[in-house]
Amino acid sequence: MKVNIEKSWLKLLDKELNKKYFNNLIYYVKNQYNTKSCYPPRNLIFSAFDNCNLNDLKVVIIGQDPYHGPGQANGLCFSVDSNRVNPPSLNNIFKEISHDLDCKNRDNGNLIDWAKQGVMLLNSVLTVEDGLAGSHANKGWEKFTNNVIKLISENKQDVVFMLWGGYAKKKESIITNNNHLILKSGHPSPLSANRGYWFGNKHFSKCNDFLLKRRLSPIKWL
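Cut-offs applied
- Residues numbered from 1 in each chain as written.
- Predicted model: local features only at pLDDT ≥ 70, side-chain atom pairs only at ≥ 80, totals over all residues.
- Heavy atoms only, no water.
- Axes fitted to C-alpha atoms, helices over the stretch in contact; angles between N-to-C directions.
- Helix = DSSP H or I, 4+ residues; strand = E, 2+ residues; numbered from the N terminus.
- Left-handed = near helix turned anticlockwise from the far one by under 90°.
- Contact = heavy atoms within 4.5 Å.
- Polar contact = N/O pair within 3.5 Å; in protein donor to acceptor, adjacent residues only side chain to side chain.
- Parallel < 35°, antiparallel > 145°, perpendicular 65-115°, else oblique.
- Nonpolar A, V, L, I, M, F, W, Y, C, P; charged D, E, K, R; others polar.
- Salt bridge = Lys/Arg side-chain N within 4 Å of Asp/Glu carboxyl O.
- Phe/Tyr/Trp six-rings, centres within 6.5 Å; stacked < 30°, edge-to-face > 60°.
- Buried < 20%, exposed > 50% of the residue type's maximum accessible area, 1.4 Å probe, protein only.
- Arc of directions from axis to C-beta.
- Pairing = 2+ DSSP bridges.
- Disulfide = S-S within 2.5 Å.
- Expected span 1.5 Å × (residues − 1).

Caption draft 1: Geometry of the packing of helix α1 (residues 10-17) against helix α6 (residues 141-155). Two elements in contact, α1 and α6, have axes separated by 11 Å at closest approach and are oriented at 140°. The chirality of how α1 crosses α6 is right-handed. Side by side, α1 and α6 meet where L12, L13, E16 and L17 of the first sit next to F144, N147, V148, L151 and N155 of the second.

The following block contains the structure:
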């Protein structure tokens with residue numbers, strides 16, 4: 001079953017996209033979109049790939065599944081369109097950036113500019129039914145995205161992986177290349193952040209320091 005995905009990824013993912021489980025997954029997703037309200041819009045399901053060229057990839061941020069409210073999910077984890085109210089987790093990300101880099105607080109919640117710089121904003125599950133968080137979990141998305149992470153680990157060098165919260169931290173075991181940098185902290189959600197597990201992690205400056213030491217351009221987080 002053909003999937004439209006940014007061409008720089010096709011060679012890396014060719015075998016994965018042709019596996020039986022993935023074809024079954026796409027069949028399931030198409031049926032869900034045809035019969036129910038699902039997010040993100042069909043053309044944005046693979047936005048994490050489409051907006052981050054594999055050749056430019058420097059950072060991977062891992063989320064869980066898309067926002068399940070109307071008009072929120074745009075295919076990039078933690079991101080919302082600029083005309084939407086920023087969710088609490090995203091506001092906490094911006095607060096940490098401001099504290100970490102001693103800069104003004106960002107308010108534009110659309111993180112597509114990060115993606116264009118080489119930040120892959122990858123949810124573990126790429127689709128969700130309206131109002132039902134986790135509704136498309138355990139259908140095959142996790143297998144696909146785990147294999148994507150493995151392939152990135154094996155085929156790229158000097159990538160920064162940001163693992164926020166217990167769910168994302170479980171991905172550490174599949175990042176096997178020691179040339180990568182793994183940054184771990186609590187989740188930016190208010191429940192975690194307000195308990196002291198998020199603020200002060202300095203992931204954004206640590207990321208840029210790592211990139212600069214490898215003669216790669218830093219990310220403009222603002």
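Next comes the rest of the account.
Caption draft 2: Expanded view of the side chain of S205. Within the secondary structure, S205 sits in helix α9 (residues 203-213). Among the polar contacts listed, one links the side chain of S205 to the side chain of D100, at a separation of 2.7 Å. Setting aside its immediate chain neighbours within four residues, S205 contacts D100 and L101.

Caption draft 3: Molecular detail of the packing of helix α4 (residues 88-101) against α9. At a closest axis distance of 8 Å, the pairing of α4 and α9 adopts a crossing angle of 60°. The angle between the axes of α4 and α9 places the two elements in the oblique class. Residues I93, E96, I97, D100 and L101 of α4 form the contact with α9, whose own contacting residues are H203, F204 and S205. Residue classes in the contact of α4 with α9 are distributed as four nonpolar, two polar and two charged.

Caption draft 4: Geometry of the pattern of salt bridges. Tallied over the entire structure, the rule returns five salt bridges. In this structure, the salt-bridge partner of K19 is E16, at a minimum N-O distance of 3.0 Å. D113 is the salt-bridge partner of R106, the closest N and O atoms lying 2.8 Å from each other.

Caption draft 5: How the structure looks around the packing of aromatic side chains. Scanning the entire structure with this criterion turns up 13 aromatic pairs. Ring geometry for F46 against F144: centres 6.4 Å apart, planes inclined by 90°, an arrangement best described as edge-to-face. Of this pair, F46 sits in the loop between β1 (38-39) and α3 (47-50) while F144 is found in helix α6, placing the two residues 98 residues apart along the sequence. Their ring planes at 80° and their centres at 4.8 Å tell us that W164 and W198 sit as a pair that is edge-to-face. One end of the pair, W164, is in strand β5 (residues 160-164); the other, W198, is in the loop between α8 (190-193) and α9, and 34 residues separate them in sequence.

Caption draft 6: Just α1, in detail. When α1 is considered as a whole, its buried residues turn out to be L12, L13, E16 and L17. Along the axis of α1, the buried positions cluster into a sector of 115°, meaning they face one direction only. The exposed residues of α1 that point more than 90 degrees off its buried face are K11 and K15. Lining the buried residues of α1 we find α2 (20-35), α3 and α6.

Caption draft 7: Examining the pairing of strand β2 (residues 59-63) more closely. A large share of β2 lies buried, amounting to five of its five residues. Neither face of β2 is exposed, since V59, I61 and G63 on one face and V60 and I62 on the opposite face are all buried. Looking at chain direction, β2 and strand β3 (residues 119-123) are connected through five bridges and run parallel. What sits directly across from V59, in β3, is V119.

Caption draft 8: Broad picture of the state of the cysteines. Per the stated rule, a full pass over the model turns up zero disulfides. C77 forms no disulfide, and the closest cysteine sulfur to it belongs to C52, at a distance of 11 Å. The exposure class of C77 is buried, given its relative accessible area of 1%.

Caption draft 9: Structural view of α2. Between its terminal C-alpha atoms α2 stretches 23 Å, which fits the 22 Å expected from 16 residues at 1.5 Å a residue. Buried positions along α2 lie against α1, β1, β4 (128-129) and α6.

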